[in-house]
Amino acid sequence: MSRLLILLLLPSTLFAQPKNEPLVDQVKSSIDRGVQFLRTKQIASGSWEAEEAGYDGGRTSLALLALLNSGVPVNDPAVAKGLVYLRNVNSDRTYVRALQTMALAEAKADDKKQILANVEWLLAARVYDENKKFLGWTYGKVPGGGFRSTDNSNTQYAVLGLWSAKQAGIALSEDVWREIRDYYLRSQFDDGAHRYQPFSKDDPQMTMTVAGLCGLLIAGLELNERREILQPDGTTRNCGVYLENPAVQKALAWVTKHYNVESSPQTFYHLYGLERVGRLSGLRFFGPYDWYREGCAYLVRQQKANGSWKHPAAWDQWPIVSTSFALLFLSKGRTPVLVSKAVHGTWPRREIETDWNNDRNDLRNLVPFAGKQLFGNAPLAWQNFDIMRAATPRGDNSNPTEDDLADTTAEMLQSPIFYITGHEAPRFTGVEKRLLQRYVENGGFIVAEACCGSPRFDKGFKALVEELWPDQELKALDAYHPVWTSFYAIKPHPGINLQGLSGNCKTILIYSPQDLSCRWESNKLSDGAGMQAFQIGTNLIAYATGLELPKPRLTKEKLDGKRQELSKTPAGYFKAAQIKLPGEPLAKAMPRLMDFVSTTKGLSVVLKADSLKVSDPGLVDYKFIYMHGKGGFQFDDEALEKLKFNLQTGGLLFADAACGQEAFDKAFRSWVQTQLFPGSKLEAVPANDRLFSDGLNGAEWKKKLRLRKVAGPMQDAEPFLEGIRHEDRWVVLYSKYDVGCALEGNKSSDCRGYDRESALRVARSAVLYVLDLPGKETSAPK
């Protein structure tokens, strides 16, 4: 049997080179400091109205929005006191009424009466011309409803206020959203831009174009419910047809062409608008620009020592306002991404090609539904991800470097699910295909569906799978597959034909030849077929994530480090071997474990791949032997004797059951107790054993492990291993719960086992036990 050999150089000093703090941690620190600044600026009344007179309630609303979106709870004293003040504000200003509505809706308290009053005020403040055409909003109500000059700034906040009210349960007629959409269509110029005054010939502005784009997206979303018509035969009319699409594409093209993080003299107001476009459109990139990453890097650099943001320019001179806008950008964009929709088509991109996004709101509807069922009130996002744009950050369409590919894989892994859909055969470049393979190899999961049941997509997607994974076969999932029961109990029938591609510990890709996205798009939960589509989507997410929340955006997944390849083993190296049982291709578990040992204990790691039989005389040199399996196995007598001699002379066998498979658990117990060490019995390692001690593992060991003992969510747990002793030393350590699949990054809601961080710590304890290397550890990789 082949072995994967890991060599650790002993002795070694701890790594001492400083590392730059990851951007995700810098963002968290910036948010914390910004929140603290706002706390210090709240005055005795509970408001934040001390900067400049006028617009009373506006700054308080912005500050409360920023605090709530930054994770400050509604019962926090500062928030609670601010809400008391805000509820007593009765403004005649459009900005204030809109922002007050947004803050009260975000608080999700008992403010429906006040929100309804604000909606009625905003609707009464609409401005029309003499021909009854809607012209938007101005700073307040127009006496008698007569004409007054409107602007796109007041209008965008009025729209945001109405939309927040809708999310809070206030019903608004379709006519309201239709006139808003029509207004933005009429006021858009041929180049895609908008102006401050909607129909003027002033210079176009980024902030106002962003405002118009958001208005089109919001109105389109609210008018979407009856757009697609599901036919009795399962086909769909108007799939991919959006009245506002040409205007949206023109505005996006203008924003991309004129993109700039800093848009003085209104930088922070501008950034909050950019974030809103990114969130509403789901776009991770504006053309080649990773807007959230670039905005975060800018804001982290610009934050003042006291935690505030401020520019000397007129629009940005008020720290409370600027800090609130900056926090709204950082906090909303930081929301963990549950599902990424893959952009596919011609490269370089042609903006008119949107087959990958026929149902623009499918994930917008599915993610909150599934998120609420699976993760409670945790905020979750979705995004449209262009793999090729991510892989070519210089925008020159050149071949990406190996570092570019590694960085893109890590970016993709921020989202546990990649979703591929369309009517036509999906088209990916060679670079994108390699990255999809790497994404799956590192624990990512692919969900695909043929939009409208398209046979063209079906044929093309199956060809893609065969090309990327030629040694595996896309097969129908039988009625016993855990995806059918990962959350909802669903009985498969001829109308539901999910197909899957199997990996080591779980299915790594699930494909639906039948349409799901049109049901998600229509969002009709009262319809039986519609609800079933949402239930299937929820089960897919539950199975893919293992019911683990994704990490905040910008959290960079650690990939395998680069290690020196050796032709022969140098003297003084500790050797570790992985026994690969038939059908158990764990290629990354041991390298990741040893990389973790290296990073946290300061050991130099060198990887050597070789072929070695268990009966080889050299086996005695390998003091850490890892075994991972699903079912039965056997070794001949000679191999057993060689392995037993190794263990009795200082070696350790560390084994685990893949996904907690009972077949392997039964086989391993029988083998070790009747063949390897006849008459012995696996016993639980005591909690006070040196194996679990802080002296061996460091203070990090005191952190709770996360373990799934039965199908369902992870739970806090103490370490659990069983073992066999020889001369008062553990020679066999065994986990009936999965370790290896977690080391590879795989997740599954039916897998009985540890999460990845816990698996690393449990397996590392076994390595350190063999090495007997107590001492101070460095920070674990993130």
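Read on for an overview of the structure.

The rules behind the values
- Residues numbered from 1 in each chain as written.
- Predicted model: local features only at pLDDT ≥ 70, side-chain atom pairs only at ≥ 80, totals over all residues.
- Heavy atoms only, no water.
- Helix = DSSP H or I, 4+ residues; strand = E, 2+ residues; numbered from the N terminus.
- Buried < 20%, exposed > 50% of the residue type's maximum accessible area, 1.4 Å probe, protein only.
- Contact = heavy atoms within 4.5 Å.
- Areas by Shrake-Rupley, 256 points an atom, 1.4 Å probe, with all protein chains shown as cover.
- Patch = residues over 30% accessible without salt bridge, like charges linked within 9 Å, V, L, I, M, F, W, Y side chains within 5 Å.
- Salt bridge = Lys/Arg side-chain N within 4 Å of Asp/Glu carboxyl O.
- Lys, Arg positive; Asp, Glu negative; His and termini not counted.
- Charge placed at Lys NZ, Arg CZ, Asp CG, Glu CD.
- Pairing = 2+ DSSP bridges.
- Expected span 1.5 Å × (residues − 1).
- Axes fitted to C-alpha atoms, helices over the stretch in contact; angles between N-to-C directions.
- Core = buried A, V, L, I, M, F, W, Y, C linked by side-chain atoms within 4.5 Å.
- Parallel < 35°, antiparallel > 145°, perpendicular 65-115°, else oblique.
- Left-handed = near helix turned anticlockwise from the far one by under 90°.
- Nonpolar A, V, L, I, M, F, W, Y, C, P; charged D, E, K, R; others polar.
- Right-handed = clockwise from strand over helix to strand, strands pointing away.

Considerations on the overall build of the chain
Line of reasoning, step 1. When its secondary structure is counted, the chain shows 25 helices and 23 strands.
Line of reasoning, step 2. The burial tally for the chain puts 59% of its 782 residues in the buried class.
Line of reasoning, step 3. In the chain, the proportion of contacts linking residues at least 24 apart, taken out of those at least 6 apart, comes to 76%.
Line of reasoning, step 4. Entry remark: accessible area of the chain is about 31800 Å², with carbon and sulfur atoms responsible for 51%.

A word on a negative patch on the surface
Line of reasoning, step 1. The grouping of Asp636, Asp637, Glu638 and Glu641 at the surface amounts to a negative patch.
Line of reasoning, step 2. With respect to the helices and strands, Asp637 occurs in helix α21 (residues 637-648).

Focus: the sheet that holds strand β23 (residues 753-754)
Line of reasoning, step 1. One open sheet holds the 3 strands; their spatial order is β20-β19-β23, and the pairing between them is antiparallel. A strand with exactly one partner marks an edge of an open sheet, and here the two such strands are β20 (715-717) and β23.
Line of reasoning, step 2. Relative to β20, strand β19 (residues 705-708) runs antiparallel, the two sharing 3 bridges. From the neighbouring strand, Arg706 faces β20, where its bridge partner is Asp716.

Re helix α1 (residues 23-41)
Line of reasoning, step 1. The end-to-end C-alpha distance of α1, which contains 19 residues, comes to 27 Å, matching closely the 27 Å that a straight helix rising 1.5 Å per residue would cover.
Line of reasoning, step 2. Those residues of α1 that sit buried are Leu23, Val24, Asp25, Val27, Ser30, Ile31, Gly34, Val35, Phe37 and Leu38.
Line of reasoning, step 3. Those residues of α1 that are buried lie in contact with α2 (58-69), α11 (291-302) and α12 (319-333).

A short note on the pairing of strand β9 (residues 445-450)
Line of reasoning, step 1. β9 sits mainly inside the fold: 6 of its 6 residues count as buried.
Line of reasoning, step 2. By the alternation rule, side chains of β9 split into Phe445, Val447 and Glu449 and Ile446, Ala448 and Ala450, which are all buried.
Line of reasoning, step 3. Looking at chain direction, strand β8 (residues 417-422) and β9 are connected through 6 bridges and run parallel. Pairing of Thr421 across the sheet is with Glu449, part of β9.

Digging into the sheet that holds strand β6 (residues 337-342)
Backbone hydrogen bonds hold the strands of a sheet together, and the pairing may be parallel or antiparallel.
Line of reasoning, step 1. Spatial strand order, β7-β6-β8-β9-β12-β11-β10: 7 strands in an open sheet with mixed pairing. The outermost strands of the open sheet, each flanked by one partner alone, are β7 (381-385) and β10 (475-476).
Line of reasoning, step 2. Docked against the sheet, helix α17 (residues 455-468) engages β8, β9, β11 (499-502) and β12 (507-512), running at close to 165° with respect to β12.

What about the pattern of salt bridges?
Line of reasoning, step 1. According to the stated counting rule, one finds 32 salt bridges in the structure shown.
Line of reasoning, step 2. For Arg195, the salt bridge identified is with Asp191, shortest N-O distance 3.9 Å.
Line of reasoning, step 3. The class for Arg195 is buried, based on a relative accessible area of 9%.
Line of reasoning, step 4. In this structure, the salt-bridge partner of Arg669 is Asp665, at a minimum N-O distance of 3.1 Å. In this pair, Arg669 and Asp665 are both assigned in helix α22 (residues 662-676), 4 residues apart and thus about one turn of the helix distant.
Line of reasoning, step 5. You can call Arg669 partly exposed: its relative accessible area is 21%.
Line of reasoning, step 6. Judged by its relative accessible area of 15%, Asp665 falls in the buried class.
Line of reasoning, step 7. It is possible to trace a salt-bridge network through shared partners that takes in Arg284, Asp290, Arg293 and Glu411.

What to know about the nonpolar core
It is characteristic of soluble globular proteins that their nonpolar side chains tend to be buried jointly.
Line of reasoning, step 1. One finds Tyr157 and Ile180 to be the most contacted residues of the largest nonpolar core, which totals 94 residues.
Line of reasoning, step 2. With 10 residues, helix α8 (residues 206-222) is the single largest residue contributor to this core.
Line of reasoning, step 3. Among residues more than four places away in sequence, those in contact with Tyr157 are Tyr95, Ala98, Leu99, Met102, Tyr269, Tyr272, Arg276 and Phe325.
Line of reasoning, step 4. Grouped together as the second largest cluster of nonpolar side chains are 36 residues, Met590, Phe654, Trp701 and Leu771 included.

Looking at the packing of helix α10 (residues 267-281) against α11
Line of reasoning, step 1. Where α10 meets α11, the axes come as close as 10 Å, and the angle between the chain directions of the two elements is 155°. The pairing of α10 with α11 is recorded here as roughly antiparallel in orientation. With respect to the hand of their crossing, α10 and α11 are arranged in left-handed fashion. Across the interface between the two elements, Thr267, Phe268, Leu271, Leu274, Glu275, Gly278 and Arg279 from α10 touch Trp291, Tyr298 and Leu299 from α11.
Line of reasoning, step 2. Residue composition of the contact of α10 with α11, grouped by class: 6 nonpolar, 2 polar and 2 charged.

Some words on the pairing of strand β16 (residues 622-629)
Line of reasoning, step 1. Counting buried positions along β16 gives 8 out of 8 residues, so the element sits mostly inside the fold.
Line of reasoning, step 2. Viewed along the sheet, the connection from β16 through α21 into strand β17 (residues 652-657) turns out right-handed.

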